[in-house]
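So you can see what is in the structure, the chains are spelled out below.
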Amino acid sequence: MNILIVDDERIIREWFHMTVDKLGEEYHIAGEASNGDEALNFCRCHRIDLVVTDVKMPGMTGLELIKRLKEEQPDVRSVIFSSYNDFQFAAEALKLGAREYMLKAEITLPALSEILQKVKRDIEFDQSRTVELDSLRHVLNQNEQALRAAYFRELLGGNSQAERQFSAQMDFFRIGLEEKNLVLLAVGIVRCTEEKGKITDDVLLKQALINVMNETLRNETGGGCSFEYKNGVYLLMVNASASSIESQREMLLITASHISENLTTFLGLEAAIGISLSYSRLNFLPRQLEEALEAMERNWFYGDPNIAWFQLPDTGIYSDQAEMHALKPTAESYHRLLEERKPREAFETFEMFLKQAGQGKRLMPKQMRAVIMEMVYAMINRARTFQVPEEMLEGILNEAAQQIAHQETFWELGKQAEAALRELVQSMETSRKRVAEPIEQACEFIRLHYAEEISLARVASHVHLSRNYFSELFKKETGLNFNEFLMQVRMGRAMDILQQRQTRISDVAAQVGYANVSYFIKLFRKHAGLSPLEYMESYGVSWPR
């Protein structure tokens, strides 16, 4: 407990100081003052729990000091030790808020200890009551936020009853929103900008996020609200009340900018923000939810703290086909290295692919997931030729498919894919056996002549081995029989062609050695998991019929 002693007699101050020292370390004389003015100034600059003051002093009296402290610093307690045995003084002091009024002549060490203990209990009681009240307010606030979030989820889901209750619910939650010209903002938290971290508790951080955004909305637009939509993503609802589309966009951009600035300033967070279009009726809210999330998603996915407007399809600013074309050389190198049985080099190329995609923010999240899953699938297919146990490959494939589908940011997606590919590379290197020189020559011959009428006998003759011995050795060293290996080489080349240019599927089949188009399509689907047309569409290429 920090104590300030106020008395115009120095000897009294010294005596009180020495007496308090005898009571132990829990009591500390933080300062001394000879009158009320000095005492008040001291309390303004220091944390004081208790002021012990005389009544009559030059300048401001003890009673005046107690009155001023109650006005300016109501948490500071006061006790009067006086030489005057006057009931009027005592009554006035207690009325002004003094905890005790004692005569100096009657003060003993036990009596002083009892008074200080009483003040200490008062302080502890008030502190515990404050904590309880804060806790109660927090619980009530959380419950109100939960009810509010539940209502808005129903509203955004197109619930007609929720639409009819809109005005009543806005009054109930004390939210200044009107039905006309509602706009949704989706806020995705990208990263924390400060190592020290302003708030480390997740529950408190979410509460602080909502408070900062709600306060910003009130300051910028006079109303609006926010709530958590899913982990890391928050939705804000606001009225775009400006008279023109241009004015609305300007107002919304300013609001979004201030939300972004305040999150960084007060919480050390960076966010990607997407803004929906404005509509005149509540039944458009489900569409606006999709618009706001779509506008936010690309920047959030790539960790880019920017503001984006929803773009109508004919005014979109991204061309996924062009972006995929920019990444195609690296993707082709990855598949070529796999075909050449160089999994370690292919893995390094995949890391380069992720780096390029992350720097350019090239593809929409859905397409990026599809491309990465296809590259994982290609590595699994190659691992089969290294005699990696099928049970292990199935486990890796199932885990990768589940994880990749649920990762919401590019960096999480890349991390999961890298983990799957790294495990595959290690499995292949563990299982790898040195391929006999004749088999190496045979594989190279097949890669050069795959489009021709190529047979087991022809290749065996090329490497100067008997047909039967070559067949057994080829299966032993590659883990595939001759026809399986030839099919994989042909399918790999077909995939390259389908990615790069418009070509009829019948022409693709002929270029890789299949006269029967239906048989080619059947093999391709078995190999790639997609039909040739579906595979083409995943790369954004349109095909002639």
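For the structure itself, consult the block above.
Given the structure is predicted, the values throughout are model-derived calculations rather than measurements.

A. Region of interest: the packing of aromatic side chains. Applying the stated rule across the entire model yields 19 aromatic pairs. Relative to Phe173, the ring of Phe172 has its centre 5.1 Å away and its plane inclined at 70°; by these criteria the two rings are edge-to-face. Assessed through its relative accessible area of 54%, Phe172 is described here as exposed. Look at Phe173 and you get buried, because its relative accessible area is 4%. A centroid spacing of 6.4 Å and a plane angle of 20° characterise the contact between Phe350 and Phe353, whose relative ring orientation is stacked. Taken together, the positions of Phe350 and Phe353, both in helix 12 (residues 343-360) and 3 residues apart, correspond to about one turn of that helix. Assessed through its relative accessible area of 0%, Phe353 is described here as buried. Ring-pair connections join several aromatic residues into one group, and the members of that group are Tyr514, Tyr519, Phe520, Phe524 and Tyr535. Sitting above the plane of the Trp309 ring, Arg249 keeps its charged end 4.0 Å from the centroid. Just above the ring of Tyr514 sits the side chain of Arg490; from NZ or CZ to the centre is 4.9 Å.

B. Geometry of empty space enclosed by the protein. Counted according to the given criterion, the structure contains 2 cavities of 30 Å³ or more. Put simply, the largest cavity is a space of about 50 Å³. If you trace the largest cavity, you find it lined by Ile5, Val6, Asp7, Ile12, Trp15, Phe16, Val52, Thr53, Asp54, Phe81 and Lys104. Listing elements by their share of the lining of the largest cavity, those giving two or more residues are strand 1 (2-6), helix 1 (10-21) and strand 3 (50-53). Ranked by the residues each element gives to the lining of the largest cavity, the list is headed by helix 1, at 3 residues. Residue classes in the lining of the largest cavity are distributed as 7 nonpolar, 1 polar and 3 charged.

C. Representation of helix 10 (residues 285-301) within the structure. When the terminal C-alpha atoms of helix 10 are compared, their 23 Å separation across 17 residues agrees well with the 24 Å that a helix rising 1.5 Å per residue should span. The axis of helix 10 is deflected most strongly, by about 25°, at Ala295. In terms of residue burial, helix 10 counts as a mostly covered element, since 12 of its 17 residues are buried. Within the span of helix 10, buried status applies to Leu285, Gln288, Leu289, Glu291, Ala292, Leu293, Ala295, Met296, Arg298, Asn299, Trp300 and Phe301.

D. Representation of the sheet that holds strand 1. Spatially, the 5 strands line up as an open sheet ordered 2-1-3-4-5, and their pairing is parallel. The open sheet terminates on both sides in strands that have one partner only, identified here as strand 2 (28-33) and strand 5 (100-103). When strand polarity is set aside, the average angle formed by the axes of neighbouring strands in this sheet is 20°. Across 4 bridges, strand 3 lies against strand 4 (residues 77-82) in parallel orientation. By the bridge assignment for strand 4, Val52 is matched with Val79. Sitting on the sheet, helix 1 is in contact with strand 1, strand 2, strand 3 and strand 4, with an inclination near 175° to strand 2.

About the thresholds
- Residues numbered from 1 in each chain as written.
- Predicted model: local features only at pLDDT ≥ 70, side-chain atom pairs only at ≥ 80, totals over all residues.
- Heavy atoms only, no water.
- Phe/Tyr/Trp six-rings, centres within 6.5 Å; stacked < 30°, edge-to-face > 60°.
- Buried < 20%, exposed > 50% of the residue type's maximum accessible area, 1.4 Å probe, protein only.
- Helix = DSSP H or I, 4+ residues; strand = E, 2+ residues; numbered from the N terminus.
- Lys NZ or Arg CZ within 6 Å of the ring centre and 35° of its normal.
- 1 Å grid on protein atoms, 1.4 Å probe; cavity = no way out; pocket = protein on both sides within 12 Å on 5 of 7 lines; lining within 4 Å.
- Points joined across faces, edges and corners; volume = space filled by probe spheres on them.
- Nonpolar A, V, L, I, M, F, W, Y, C, P; charged D, E, K, R; others polar.
- Expected span 1.5 Å × (residues − 1).
- Bend = angle between axes of the 7 residues up to and from the residue.
- Pairing = 2+ DSSP bridges.
- Axes fitted to C-alpha atoms, helices over the stretch in contact; angles between N-to-C directions.
- Contact = heavy atoms within 4.5 Å.

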